[in-house]
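# Per-entry structural report
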Amino acid sequence: MRMSRMFGRTLREMPGDAETPSHALLLRGGYIDQLMSGVYSFLPLGQRVKLKVEQVIREEMDRAGAQEVHLPALQPIELWEQTGRKAQMGDVLFQLSDRRERGMALGPTHEEVITRLFKDHAFSYRDLPVTLYQIQTKFRDEARPRGGLVRVREFTMKDAYSFDADDDGLDASYAAMFEAYRRIFARCGVPTLPVEADSGAIGGKGSQEFIFPTETGEDTVVFCNRCTYAANTEKAAFVRPAAIVSAPAAIEEVETPGVTSITALATFLGIEAKQTAKAVFYMATLKGQRSGVPVFAVVRGDLEVNEIKLANALGGAELRPMVDAEVAEYGLVAGYASPIGVLAPVRVIADTSVAESPNLVAGANRAGWHLRNVNHDRDWQAEVVADIATAQVGHRCAQCEQGTLGSTRGIEMGHVFRLQYVYTTSMDVSVQDAQGTQLKPTMGCYGIGVERIIAAAAEVHRDDAGLAWPASIAPYDVHMVGIGLDRDEAARADADALYDALHEAGLEVIFDDRDERPGVKFNDADLIGVPLRLTVSSRNHAAGIVELKVRDGGEASSVARAEAVAAVVAHRQTLLDSLTTEAAEIAARQFGSDQG
RNA sequence: CGGGGCGUAGCUCAGCCUGGCAGAGCGCUGCGUUUGGGACGCAGAGGCCCGCAGUUCGAAUCUGCGCGCCCCGACCA
C-alpha cells in the first residue's frame, strides 16, 4: 500500500472521547472511527488488524479440530422463547419485527441457533464429537458501552460449540479449546490469566475466563501467591478469617444511637468488625418468575455480600437493592436490621461465616439499638447457609489453605463453559446411541472477543510515540519510509524496486511515498506501529544501504541494499517466534508466578 | 435506570457568566521557499453554534423540553 493512496489519516491531537491510551492511539492512528455509542467503523488499517486476529483464531481453531460455520445474525424470537433466554437477557437482546410483524432478534450469541443446526443435521452417536465455530458480528444492547472497544453493542466474536456423547468427551473438547485459547492469546501478544468463573446467564457448570490484567478492567480477579488458584471474585472461594471463639452467652440489648455502619458499630463497642453481623436487603426476581421476593442477606461484618453468589444461592435470580419503601413494608430497620424475627415472605440467606461465629453483634430491628451475643441456630435460622461473601485481598486461599490472595482488575478476553445439557434439554436434542436408544449430547461453548484482543494488544504494545504491534497482528509487516526521493530519480526507482521485491517475498508493505517532511513520516510510522521500519533515501541509496529499525526495539541499523529483503524476512520471523514466550513472561512478571 | 460532565469548522477548543460582526490552533486547497524526527510565507475553502419552543428590538450566549456523546454507579452470554 502506498500511503499517498491510503484512506484515513493520523490525527495530531488526542481525540476528546478517548478513555484509555490504547483507545486514543487507535483513534489517532486512523484505525477506528466511532459511529455512535458502542458502535465503531474499522478503517483500512483497523480492518487489516482485525483480519489478522481473526486469522490467528481461525488457524488455532482449525488446529484444534473445530469446523467453521456461518450462522444467521437475524434469528426468530421463538428460538429465544424456547430456551427462556428472551426473558433472561431482557433489554440486552436487540429485538425487531419484519413486515409481517414476525418477531426477531439480532443474535447476541448463538447457542440457540447452533443447537438447532446440530439438531437438524446430527442423528447418530457417530456424528459425535463435533466442535463448530463461527467468527461473526453479534449484537447486545448493553446498558452502558464503555472503554473504547471493550464493551460495545456491535462486535465480532469467535464462538465455538462442542457436542459430545458424555461428560468425559466434553472434558476432552473443553481441554482442546482451553489449549487453543492459550495459543491464540500468546500468538496475539496478549497476556491472559485463566481464572475460575461464574457461568452467569448462559447456564451450565464449570467455566473459566481468560482475563487480561489491566487497571481499567471491569472484572476483579483474585489469585493465590502459593498455588495455582485464580478466580473471578464473582466466584472465588476463600477461607474466612477465624472467628473469635467464646461460649454462647445470653442476648443483651445495647443502646447504639446513630451507629448505623459496621465501622461505627465496631468502634463504638470497641470490638472487631468480624464480631458483628451485617445485613443487606434485596429484591430478587427468581428464575422463571415475574414478581420479586424480598431477601435478607447476612454476612459477618468483616465481609461483603457477593451478589452473584447470593443469586446462585437462591437458585438463580436477578437482584436489586431494596428501596426505602420496601424496607419499611417488610418491617426492617435500615442500619439496625436484625436476623432475629424476620417475617415471611422475607427470605433469610446467611454466609457460612455467620453460622460459624458465636456471639455476634447484630441489629435489634429498632433504631438506636443493637443486640449482643446473637447466635445462629440458637436465636435464628437462615433458610440457606452458603458462601455468599466476596473474596478480598489478604484472605487465605481455599485451594491450598496456605497462600494469601492477591487481586487485580482485568478485562475478560475469552470464556470457556461446560454447558452440559442446558440447551440440548430445553431444545429437546438427542441422537441415537450404539444400542439404538436416545442419547442427549453434552455441550460446551467457547467465546473470544476479537475487538477486545485488538484493544488489549494495543494497550500492552505501545509507548509514548504510538503503537507497536505484535508482528502476528500488525496491519503490515514492514513500513518503508521514503526520504527525499522526489529529488532523486535513481533513489526513487530503487525504492519502488525494493517495494516490489518485498511483495514478491510474501511481505505486506506500507510505503510512505507522500510529499511530507521526514519528521511527519517518522512520527506517523511510530504512531501506526508497524513492527519493522525501512528508511530509504537519497543518502542511503548513494551509500548502497537501507536503514532497518524494529519499532519495539532499539536504534536503526544499516543493512546492505542487496540484503534488505532477506533482513526483513529474518527479523519478522524472529519477532513472530518470540511471541509465544512473550505473553507468558509478561504474565509471570505481573503475578510473580506462572499461573499454569 | 440513578449521579455528574459535555455538545461551536474535519480534529482539539475559546467565545456563553455580563445577549449586539462566529473565532484560534491543527488539518484541508492553491502558489512559493524548505526537506533525516510533527517547517515557513502568502492567498483561500470550510459553520443549521445538537434540535424544538420560549424570553427579547436582537440569542451560540438567557429559560424550558427533547436528542446525542462521555464518565461514575447499577448492569454486563
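These numbers come from a predicted model, not from an experiment.

### Considerations on the overall build of chain A
Along its length, chain A carries 16 helices and 31 strands. Expressed as lengths along the three principal axes of its C-alpha atoms, the size of chain A is roughly 100 × 65 × 50 Å. Sorting the 596 residues of chain A into buried and exposed places 52% on the buried side. Pairs at least 24 apart in sequence give 72% of the contacts found in chain A among residues at least 6 apart. Entry remark: accessible area of chain A is about 26,600 Å², with carbon and sulfur atoms responsible for 48%. In chain A, 61 positive and 83 negative side-chain charges are present, and the distance between their average locations comes to 1 Å.

### Remarks on the pairing of strand β24 (residues 442–449)
Both faces of the sheet carry side chains from a regular strand, because those side chains alternate between them. Of all 8 residues that make up β24, 8 are buried, and the element is covered over most of its length. Burial of β24 is two-sided: the residues T442, G444, Y446 and I448 facing one way and the residues M443, C445, G447 and G449 facing the other way are all buried. As judged from the 8 bridges shared by strand β8 (residues 154–164) and β24, these two strands associate in the antiparallel manner. By the bridge assignment, K158 is partnered in β24 with I448. When strand β21 (residues 405–420) meets β24, the two strands line up antiparallel, connected through 6 bridges.

### A closer look at the domain arrangement of chain A
What the domain assignment reports for chain A is domain 1 (13–230 + 407–458), domain 2 (252–386) and domain 3 (466–579). On a C-alpha basis, the centres of domain 1 and domain 3 stand 37 Å from each other. Counting residues at the interface gives 18 residues for domain 1, matched by 14 residues for domain 3. Summing both sides of the interface, domain 1 and domain 3 together bury roughly 1,400 Å²; the carbon and sulfur share of this comes to 68%. At the boundary of domain 1 and domain 3, one finds 2 salt bridges.

### Topic: the side chain of R551
Residue position: R551 is located in the loop between β30 (545–550) and β31 (557–560). A polar atom in the side chain of R551 sits 3.0 Å from the backbone oxygen of D526. Beyond its immediate sequence surroundings of up to four residues, R551 is in contact with D463, A465, G466, L467, A468, A525, D526, G529, V530 and P531.

### Remarks on unusual backbone geometry
The omega torsion of the bond from L128 to P129 falls at -10°, within 30 degrees of zero and hence cis. Along the chain, P129 falls in the loop between α5 (111–121) and β7 (130–139). In this structure, the amide linkage connecting A344 to the following residue, P345, adopts the cis form with an omega of 5°. Considering the arrangement of structural elements, one finds P345 in the loop between α9 (324–329) and β17 (347–351). Even without being glycine, E101 reaches a positive phi, approximately 65°. Considering the arrangement of structural elements, one finds E101 in the loop between β5 (94–97) and β6 (103–106). Assessed through its relative accessible area of 62%, E101 is described here as exposed. Positive phi outside glycine occurs at Q420, with the angle close to 55°. Relative to the elements of secondary structure, Q420 occurs in strand β21.

### Topic: the nonpolar core
If you look at the biggest cluster of nonpolar residues, it comprises 58 residues, and the most contacted ones within it are M61, I453 and W469. Tallying contributions element by element places helix α6 (residues 167–187) first for this core, with 8 residues. When we break this core down by domain, the ones giving at least three residues each are domain 1 (13–230 + 407–458) and domain 3 (466–579). Residue contacts for M61: discarding those within four places in its chain leaves A66, Y133, K158, A160, M177, A180, Y181 and I184.

Reading the values: the criteria
- Residues numbered from 1 in each chain as written.
- Chains lettered and ligands numbered in written order.
- Predicted model: local features only at pLDDT ≥ 70, side-chain atom pairs only at ≥ 80, totals over all residues.
- Heavy atoms only, no water.
- Helix = DSSP H or I, 4+ residues; strand = E, 2+ residues; numbered from the N terminus.
- Buried < 20%, exposed > 50% of the residue type's maximum accessible area, 1.4 Å probe, protein only.
- Contact = heavy atoms within 4.5 Å.
- Areas by Shrake-Rupley, 256 points an atom, 1.4 Å probe, with all protein chains shown as cover.
- Lys, Arg positive; Asp, Glu negative; His and termini not counted.
- Charge placed at Lys NZ, Arg CZ, Asp CG, Glu CD.
- Pairing = 2+ DSSP bridges.
- Domains from an automatic or database assignment.
- Buried area = accessible area lost by both parts, 1.4 Å probe.
- Salt bridge = Lys/Arg side-chain N within 4 Å of Asp/Glu carboxyl O.
- Polar contact = N/O pair within 3.5 Å; in protein donor to acceptor, adjacent residues only side chain to side chain.
- Core = buried A, V, L, I, M, F, W, Y, C linked by side-chain atoms within 4.5 Å.

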